[in-house]
Amino acid sequence: MKNFEFHNPTRIVFGAGTVGRIDQLIPAHARVLILYGGASAEKTGTLAEVRQALGQRSVQEFGGIEPNPSYETLMRAVQLVRAEKLDFLLAVGGGSVIDGTKFVAAAALYDGEPWEIAEQGGSNIKQALPIGTVLTLPATGSEMNSGAVVTRKATHAKLPFRNVLLYPQFSVLDPSKTFTLPTKQVANGLVDAYVHTIEQYLTYPVQAHVQDRFAEGLLQTLIEIAPQAVAAPDDYTTRANLMWTATLALNGLIGAGVPQDWATHMIGHELTALYDIDHARTLALVLPALLDVQRDSKRAKLLQYAARVWDIRSGSEDERITAAIASTRQFFEGLGIPTRLSAYGLGQEAIAAVLRQLEAHGMTALGEQRDIDLARSRRILEAAL
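The sections below set out a description of the structure shown in this document. (Residues numbered from 1 in each chain as written. Predicted model: local features only at pLDDT ≥ 70, side-chain atom pairs only at ≥ 80, totals over all residues. Heavy atoms only, no water.)

A look at the overall build of the chain
So, point 1. Each helix and strand in the chain was counted, giving 15 helices and 8 strands.
So, point 2. The C-alpha atoms of the chain give 20 Å as radius of gyration, which agrees with the globular expectation for 385 residues (21 Å, within 12%).
So, point 3. Dimensions of the chain, computed from C-alpha atoms along their principal axes, come out at roughly 65 × 45 × 45 Å.
So, point 4. Taking all 385 residues of the chain together, 59% fall into the buried category.
So, point 5. Pairs at least 24 apart in sequence give 77% of the contacts found in the chain among residues at least 6 apart. (Helix = DSSP H or I, 4+ residues; strand = E, 2+ residues; numbered from the N terminus. Rg over C-alpha atoms; globule rule 2.2 N^0.38 Å. Buried < 20%, exposed > 50% of the residue type's maximum accessible area, 1.4 Å probe, protein only. Contact = heavy atoms within 4.5 Å.)

Structural notes on the pairing of strand β5 (residues 131-135)
So, point 1. Along β5, 5 of the 5 residues are buried, which leaves the element largely enclosed by surrounding structure.
So, point 2. Judged by which residues are buried, β5 turns out to be covered on both faces: Ile131, Thr133 and Leu135 on one side and Gly132 and Val134 on the other are all buried.
So, point 3. The pairing of strand β4 (residues 88-93) with β5 spans 5 bridges and is parallel. Following the sheet pairing, Gly93 is matched in β5 by Leu135.
So, point 4. Where β5 and strand β8 (residues 170-173) come together, 4 bridges link them in parallel fashion. Opposite Val134, over in β8, you have Val172 as the bridge partner. (Pairing = 2+ DSSP bridges.)

Structural notes on the environment of Gln120
So, point 1. In this fold, Gln120 is placed in the loop between α6 (115-119) and β5.
So, point 2. Separated by 39 residues in sequence, Gln120 and Leu159 place their C-alpha atoms 9.3 Å apart.

A closer look at the sheet that holds strand β2 (residues 31-36)
So, point 1. Taking strand neighbours across the sheet as the criterion, the 6 strands line up as β1-β8-β5-β4-β2-β3 in an open arrangement whose pairing is parallel. The open sheet terminates on both sides in strands that have one partner only, identified here as β1 (11-14) and β3 (58-62). Within the sheet, the average angular offset between the axes of one strand and its neighbour, ignoring direction, is 20°.
So, point 2. Packing against the sheet, helix α4 (residues 71-84) makes contact with β2, β3 and β4, and its axis sits at approximately 160° to β3. (Axes fitted to C-alpha atoms, helices over the stretch in contact; angles between N-to-C directions.)

Some thoughts on the packing of helix α8 (residues 209-231) against helix α12 (residues 299-308)
So, point 1. Contact pair α8 / α12: the axes reach a minimum separation of 11 Å and the direction vectors enclose 50°. Classed by the angle they form, the pair α8 and α12 counts as oblique. Along this stretch, α8 crosses α12, giving a crossing that reads as right-handed. Contacts between α8 and α12 involve Asp212, Arg213, Glu216, Leu219 and Gln220 from the first element and Lys301, Gln304, Tyr305 and Arg308 from the second.
So, point 2. For the contact of α8 with α12, a count of residues per class yields 2 nonpolar, 2 polar and 5 charged. (Parallel < 35°, antiparallel > 145°, perpendicular 65-115°, else oblique. Left-handed = near helix turned anticlockwise from the far one by under 90°. Nonpolar A, V, L, I, M, F, W, Y, C, P; charged D, E, K, R; others polar.)

Examining empty space enclosed by the protein
Summary: where empty space remains is shown by rolling a probe the size of a single water molecule over the atoms.
So, point 1. For the coordinates displayed, the defined rule picks out 1 cavity of 30 Å³ or more.
So, point 2. There is about 30 Å³ of room inside the largest cavity.
So, point 3. Taken together, Thr203, Tyr204, Pro205, Val206, Gln207, Ala208, Asp212, Val258, Pro259 and Lys301 make up the lining of the largest cavity.
So, point 4. Considered class by class, the residues forming the lining of the largest cavity number 6 nonpolar, 2 polar and 2 charged. (1 Å grid on protein atoms, 1.4 Å probe; cavity = no way out; pocket = protein on both sides within 12 Å on 5 of 7 lines; lining within 4 Å. Points joined across faces, edges and corners; volume = space filled by probe spheres on them.)

Quick word on the packing of helix α10 (residues 263-275) against helix α11 (residues 279-293)
So, point 1. At a closest axis distance of 8 Å, the pairing of α10 and α11 adopts a crossing angle of 130°. Classified by the angle between their axes, α10 and α11 sit oblique to one another. Crossing of α10 over α11 shows right-handed handedness. Contact residues: α10 offers Ala263, Thr264, His265, Ile267, Gly268, His269, Leu271 and Thr272, while α11 offers His279, Thr282, Leu283, Leu285, Val286, Leu287 and Leu290.
So, point 2. Counted by class, the contact of α10 with α11 contains 8 nonpolar, 7 polar and no charged residues.

Considering the pattern of salt bridges
So, point 1. Scanning the model with the defined rule gives 19 salt bridges in all.
So, point 2. Between Asp212 and Lys301 there is a salt bridge, with the nearest N and O atoms lying 3.2 Å from each other. Here Asp212 is found in helix α8, whereas its partner Lys301 is found in helix α12, with 89 residues between them in sequence. Judged on exposure class, the residue Asp212 and its partner Lys301 are both buried.
So, point 3. When salt bridges that share partners are traced, they join Asp292, Arg295, Asp296, Arg299, Glu317 and Asp318 into one network. (Salt bridge = Lys/Arg side-chain N within 4 Å of Asp/Glu carboxyl O.)

As for the layout of surface pockets
So, point 1. In this structure, the second largest pocket spans a volume of roughly 200 Å³.
So, point 2. In terms of lining residues, the second largest pocket is bounded by Glu66, Pro67, Asn68, Thr151, Lys153, Thr272, Ala273, Leu274, Tyr275, Asp276 and Asp278.
So, point 3. For the lining of the second largest pocket, the element with the most residues is α10, which contributes 4 residues.
So, point 4. Considered class by class, the residues forming the lining of the second largest pocket number 4 nonpolar, 3 polar and 4 charged.

Shown next, in the form of structure tokens:
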């Protein structure tokens, strides 16, 4: 196991009827900005609950944050924060709203051009406004980590950033808030959490037995609950397990002391930026192809994954690896999520466009071994056709 330092300051308030707790978690004198996405937060009554919990505090609202939060939209929120001298941000929504809120928290206090925050991966953040979240879509884990991703539409750039100042102070996780989600979003959340776990688990062995078993448990849980999660919207137990699994998949715990990949995400980000494909769906496109291309460097962990997650124990090593990759692909497809670029009408021209973007953004040495150069990224994309 590698040396590591683990610290996560986010308070989790989990369970039904917990939105009212935000009254105790936000200072009484705070000037609050509620940030949210579309009309669903209003229609489901979640915003009304949040407003009631905030009581007599000074409150402003900013809606319209997109599924892939854009710099252009978020800068309008930054202007509002500055103009009204707001000092606490409350994200109500899923990972995109929370990611966008993290950008606003840093950008509102940033002296230079705020896009530099994304360009420099968050290393230039020196201060940020405090954040709280009310999670309505389990998927990204942004409710309990310090990272985010934003897109600049003008340049088709989708860039990740992180900074310890961006951990939410608290996150309210009420599984009943997921009951009204469209099936597509639930399926996306399952895939997002699954690939987050894979990125930290399926690399090479470092004898981190605890992290491996945690990760395998998360993967098995997602596989087990997936059918019920999409079929029974009001099954509280299933949605509770999905919500907590998605949070644990990217709160730093399973990634402590182990090598991490993230090449699937970096390639997927370019597909989203160029073709507006849902983030989780780009991960489903890239991951099976990447595992196949990288099967030699990932051999030991692929065999472990095959045995422990999919109970594939017979056949040659290559046969077991092939079967594990096929099972992964079938899991995604079974959720109604395509794993081939052709399903989106994309071919060789898309591969060339993605490669140009990867090069432009310096993504030329990806993966846990830093061995995924542009030539190998091309192989991965071609394997995904």
